[in-house]
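The lines below spell out each chain.
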Amino acid sequence: MSSKDPQSSPTADQASGATGSGLDDALAAADALQADIEAYAIDSADALEAFRIRFIGSKGLVKGLMGRMKDVPGPERKAFGQRVNAVKQSAEKRFEEAKTGLVQQEASAGPDVDLSLPPAAPRVGSRHPINIIRQRIVEAFARIGFAVEEGPEIEDDWHNFTAMGTPEHHPARDMQDTFYIAGHPDRVLRTHTSPVQARVMESRKPPIRIIAPGRTYRNETISARAHCVFHQVEGLYVDENVSFADLKQTIDYFAKTMFGEDTETRLRPSYFPFTEPSAEVDVTCLICSGKGCSVCKHTGWVEIMGCGMVDPDVFENCGVDAERYTGFAFGMGIERIAMLVYRIDDIRLFTENDALFLEQFRSES
Ligand code: PHE
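This structure is a prediction, so every number in the text was calculated from the model and none was measured.

Quick notes on the rules
- Residues numbered from 1 in each chain as written.
- Predicted model: local features only at pLDDT ≥ 70, side-chain atom pairs only at ≥ 80, totals over all residues.
- Heavy atoms only, no water.
- Buried < 20%, exposed > 50% of the residue type's maximum accessible area, 1.4 Å probe, protein only.
- Helix = DSSP H or I, 4+ residues; strand = E, 2+ residues; numbered from the N terminus.
- Pairing = 2+ DSSP bridges.
- pLDDT = per-residue confidence, 0-100.
- Contact = heavy atoms within 4.5 Å.
- Near = heavy atom within 4 Å.
- Polar contact = N/O pair within 3.5 Å; in protein donor to acceptor, adjacent residues only side chain to side chain.
- Areas by Shrake-Rupley, 256 points an atom, 1.4 Å probe, with all protein chains shown as cover.
- Nonpolar A, V, L, I, M, F, W, Y, C, P; charged D, E, K, R; others polar.

(A) Geometry of the pairing of strand S8 (residues 275-284). With respect to burial, S8 is a largely interior element, 8 of its 10 residues being buried. Bridge count for strand S7 (residues 265-272) against S8 is 7 bridges, and the pairing is antiparallel. Bridging across to S8, Arg266 finds its partner in Asp282. Remark: 2 residues form the turn of the hairpin made by S7 and S8, two consecutive strands paired antiparallel. With 8 bridges connecting them, S8 and strand S9 (residues 301-310) associate as antiparallel partners. Bridge assignment links Thr284 to a residue of S9, and that residue is Trp301.

(B) Fine view of the confidence of the model for the protein chain. When pLDDT is averaged along the protein chain, the result is 91, and 93% of the positions lie at 70 or above. The model gives residues 12-20 a pLDDT under 50, and that stretch makes 22 contacts with residues more than four places away or in other chains.

(C) How the structure looks around the site of the ligand. Near the ligand, the surroundings consist of 14 residues, among which His192, Ser194, Arg218, Gln232 and Glu234 are the closest. One nitrogen or oxygen atom from the side chain of His192 is found 3.1 Å from a nitrogen atom belonging to the ligand. Within the contact set of the ligand, a nitrogen atom lies 2.9 Å away from a side-chain nitrogen or oxygen of Ser194. Burial of the ligand by the protein chains amounts to 91% of its free accessible area of 330 Å². The set of elements that each furnish at least two residues to the shell around the ligand consists of strand S6 (229-239), S9 and strand S10 (326-333). If one sorts the elements of the shell around the ligand by residue count, S10 sits on top with 3 residues. Of the residues that constitute the shell around the ligand, the class distribution is 5 nonpolar, 7 polar and 2 charged.

Next comes the structure, spelled out in structure tokens:
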């Protein structure tokens, strides 16, 4: 029964009735058992269970002591029975006390943690990559005197299209898939930041030197390369004697500031309804430095923006004296710049709010 119990003692085992006879022997066995019960060390849940099995269990030593009743002469049996009961009660009392003690000990020990471990790093928020790049663009232009302007995202047809050289039914409207506001045929989600040009020219006299960062919308199928919500930065410079050379120099400055001193720019003829002449700006591929890679499709160049000299018709539409003033404008997609700078190959990552993606920009903030 208790052969595996490390605390088993020969004295107590005598309680099972293996030896001796008569009342004296039986009482001696009871005393020995009582002593064992008191001396038994209960310092763990396992020891508590071993105690229970050894003394109180259905095959325990208290039961065994009771078995010695047959050795006790009849008149003495009552006294012996009381003695056995007392031993039994003291065993049960010890059991309950030890159990309570263990429960209290466990509760005060607290949770099972290694206090020497370093703490888990707190998850600190970070700025969004689009916000970081937007800020870098704004800062680059602020250094050469461009002030920030903003315009509404829900724009009217006039500012988004008509003033910008794209009257109704003009085929150039097809260049941009437009979200119209239901019930308001005159209202659109702006398809570019160019309407801010018109708003600024309408409201103040040159010289004008502004950039206008903001959110733009086009009804595009969402893919790795295109999204229906994205961001642009518009630039506008209007004054007397502004030339195409000024445009080229400004863009050169920006490209070197944004992408590094070794960056070169080239202008390719293009078309926009609000600039004439118009151009698309390429910079030497920042991934392969112009040697050719998959990002630049092995041309060594990547496109970063559209630009051109402000069309005199746009000046007319906005109340600027086209005889006196000339100007240039440019517009770039912030997502595109961010994808180049951070080597991001899927535009959808910017709007998915995946913490693992966003956390990578923490050190940039
Ligand atoms: N608004 C044009 C676009 O969204 C970009 C642009 C801006 C081109 C200013 C020329 C001048 O593509």
